[in-house]
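# Coordinate analysis (summary)
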Amino acid sequence: MPFLIDQATEKFIREHRVARLATVDDNAQPTIVPICYAFEGESFFSPIDEKPKSVAGGSLKRVRNISGNSRVAMVIDDYSEDWSSLAYVLVIGEAEILEPRSGNTEHARAVELLREKYPQYRSMAIDDRPIIRITPVRIKSWTPRDKGKHT
């Protein structure tokens, strides 16, 4: 069943280019990293791409954390010195690692969405790498103009 969000929140999500993904390890120690993502209306997708990393993709802290605890949080935000322009969308969800195996149509669709949004991924082999899928359980949006309105 798709997660329903209002049009303004969906537009905010689709127009932004970076989010911060929070995961926790087996000792409840948090990790937060900036991520690129694509949203297709029901799920968010973030690749384990080829940008330089200190360990192999499957050994990344966020991947290990998701394998042990699928509960995640993600924030997409606007910051400005003019605080009347602040805004954010907070996503609480369940994450899963999609492996690039033959016939995995969801992985293939995620690759397509990510390459549409980020031209840099067109020359990267993200089709051969894992992708994180985040399925929202709750989405909350906020701006000063909302005066406490939550989605």
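Residues numbered from 1 in each chain as written. Predicted model: local features only at pLDDT ≥ 70, side-chain atom pairs only at ≥ 80, totals over all residues. Heavy atoms only, no water.

### A closer look at the nonpolar core
Phe44, Met74 and Ile134 are the most contacted members of the largest nonpolar core, which totals 36 residues. Among the elements that make up this core, the one with the highest residue count is strand E6 (residues 87–98) (six residues). Discounting residues that sit within four places of it in the chain, phenylalanine 44 has contacts with Ile13, Tyr37, Ala38, Phe39, Met74, Ile76, Val91, Ile132, Arg133, Ile134 and Pro136. (Core = buried A, V, L, I, M, F, W, Y, C linked by side-chain atoms within 4.5 Å. Buried < 20%, exposed > 50% of the residue type's maximum accessible area, 1.4 Å probe, protein only. Helix = DSSP H or I, 4+ residues; strand = E, 2+ residues; numbered from the N terminus. Contact = heavy atoms within 4.5 Å.)

### Describing the confidence of the model for the protein chain
A residue-level look at the protein chain finds 87% of positions with pLDDT of 70 or above and a mean pLDDT of 88. Predicted confidence is poor over residues 51–57, with pLDDT under 50, and the contacts of this stretch with residues over four places away or in other chains come to nine contacts. (pLDDT = per-residue confidence, 0-100.)

### Quick notes on helix H2 (residues 61–68)
Listing the buried residues of H2 in full gives Arg62, Val63, Asn65 and Ile66. Seen along its axis, H2 keeps its buried residues to an arc of 165°; they face one direction. Its buried side turned inward, H2 meets strand E1 (19–24), strand E2 (30–35), strand E5 (71–78), E6 and strand E7 (131–142). (Arc of directions from axis to C-beta.)

### Focus: unusual backbone geometry
Even without a glycine there, the phi angle at alanine 28 is positive, about 65°. Structurally, alanine 28 is set in the loop between E1 and E2.

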